[in-house]
Amino acid sequence: MAALPTLAYARYAELGGRCSAEEFAASQRAAHAAVREIAGPNEIQDEEDLAGYERAVCAAVEVDRRYGASGGIGEHLASVTVGKVSMAMGSAGASPYDRDMAREVMRELAGTSLLYQGVR
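Peer 1: Explain the overall build of the protein chain here, please?
Peer 2: What the protein chain contains, in helices and strands, is four helices and two strands. Walking the protein chain from its N terminus toward its C terminus, one meets helices and strands in the order α-α-α-β-β-α. Within the protein chain, the fraction of its 120 residues that count as buried is 32%. Considering only intrachain contacts with a sequence separation of at least 6, the fraction spanning at least 24 residues in the protein chain is 68%. Of the roughly 7300 Å² of accessible surface on the protein chain, a fraction of 56% belongs to carbon and sulfur atoms.

Following this line, the structure appears as structure tokens:
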């Protein structure tokens, strides 16, 4: 299986990406991981797939940047401390980061074979 390509900053900028090279570098790994998680074992088959993949990575960079280049870490956690009593809670289900990331990536992959998760 061929690995999905890594989008370079120069290509991101060509496609209209709005963040600086430093911001892109901070969000690039989380963005690629999010797209690869949704694409699963699918491979790029044609130019339409490649274009969708590049758009999805650009969109994922923007989502991660909006969340402070966190990669979604800690998005489920909340804690409260009152005096000596401390409570830590996590919420069930997907975090806002995960929901936003999946929505943006799937929107850009729609119509490509990269979103297909059925039997081949």
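Peer 1: Can you help me understand helix α3 (residues 47-66) in this one?
Peer 2: An α-helical segment advances 3.6 residues per turn. Residues three or four places apart therefore align on the same side. With 20 residues, α3 extends 29 Å between its outermost C-alpha atoms, agreeing within 8% with the 28 Å of an ideal straight helix rising 1.5 Å per residue. Of the residues that open α3, the one with a side-chain oxygen 3.1 Å from the backbone nitrogen of Glu-48 is Asp-46. Just beyond α3, the residue with positive phi is Gly-68, at close to 75°.

Peer 1: Could you clarify how one ought to interpret the pattern of salt bridges in this entry?
Peer 2: Two side chains that carry opposite charge are able to pair once their charged atoms sit near each other. Taken as a whole and assessed by the stated rule, the structure comprises eight salt bridges. Between Arg-18 and Glu-62 there is a salt bridge, and its shortest N-O distance comes to 3.8 Å. You can see Arg-18 sitting in the loop between α1 (9-14) and α2 (21-39) and its partner Glu-62 sitting in helix α3, a full 44 residues away along the chain. The exposure class of Arg-18 is exposed, given its relative accessible area of 67%. Residue Glu-62 is classed as buried on the basis of its relative accessible area of 11%. The residue Asp-100 makes a salt bridge to Arg-103 at a minimum N-O spacing of 2.7 Å.

Peer 1: In this structure, what is going on with the side chain of Thr-112? I would like to understand it.
Peer 2: You can see Thr-112 is positioned in the segment after α4 (96-109). A polar contact is formed between the side chain of Thr-112 and the backbone oxygen of Leu-109, at a distance of 2.6 Å. Excluding anything up to four places from it in sequence, Thr-112 contacts Glu-48, Asp-49 and Gly-52.

Peer 1: Would you explain the packing of α2 against α4 in this entry?
Peer 2: When two helices pack together, their arrangement is captured by the angle between the axes and the distance separating the axes. One way to put it is that α2 packs onto α4 with a least axis distance of 10 Å and a crossing angle of 65°. What the angle tells us is that α2 and α4 run roughly perpendicular. In the crossing of α2 with α4, the sense of the turn from one axis to the other is right-handed. Contacts between α2 and α4 involve Ala-30, Ala-34, Val-35 and Ile-38 on the former and, on the latter, Tyr-97, Met-101, Ala-102, Val-105, Met-106 and Leu-109. Tallied by class, the residues present in the contact of α2 with α4 amount to 10 nonpolar, no polar and no charged.

Peer 1: I would appreciate a short explanation of the packing of aromatic side chains in the present structure.
Peer 2: For any two aromatic rings, the description comes down to two numbers: the centre-to-centre distance and the angle of the planes. Across all of its chains, the model carries four aromatic pairs by this definition. With a centroid separation of 5.9 Å and an interplanar angle of 40°, the aromatic rings of Tyr-9 and Tyr-12 are classed as tilted. One end of the pair is Tyr-9 and the other is Tyr-12, both in helix α1 and three residues apart, which spans about a single turn. Note on Tyr-67 and Tyr-97: the rings are 5.2 Å apart at their centroids and 80° apart in plane angle, and the pair reads as edge-to-face. Taken together, the positions of Tyr-67 in the loop between α3 and β1 (77-82) and Tyr-97 in helix α4 put the pair 30 residues apart, joining distant regions of the chain. Through a chain of ring-to-ring contacts, three or more aromatic side chains come together here, namely Tyr-9, Tyr-12 and Phe-24.

Quick notes on the rules
- Residues numbered from 1 in each chain as written.
- Predicted model: local features only at pLDDT ≥ 70, side-chain atom pairs only at ≥ 80, totals over all residues.
- Heavy atoms only, no water.
- Helix = DSSP H or I, 4+ residues; strand = E, 2+ residues; numbered from the N terminus.
- Buried < 20%, exposed > 50% of the residue type's maximum accessible area, 1.4 Å probe, protein only.
- Contact = heavy atoms within 4.5 Å.
- Areas by Shrake-Rupley, 256 points an atom, 1.4 Å probe, with all protein chains shown as cover.
- Expected span 1.5 Å × (residues − 1).
- Polar contact = N/O pair within 3.5 Å; in protein donor to acceptor, adjacent residues only side chain to side chain.
- Salt bridge = Lys/Arg side-chain N within 4 Å of Asp/Glu carboxyl O.
- Axes fitted to C-alpha atoms, helices over the stretch in contact; angles between N-to-C directions.
- Parallel < 35°, antiparallel > 145°, perpendicular 65-115°, else oblique.
- Left-handed = near helix turned anticlockwise from the far one by under 90°.
- Nonpolar A, V, L, I, M, F, W, Y, C, P; charged D, E, K, R; others polar.
- Phe/Tyr/Trp six-rings, centres within 6.5 Å; stacked < 30°, edge-to-face > 60°.

Don't take any of this as a statement about function, it's just geometry.
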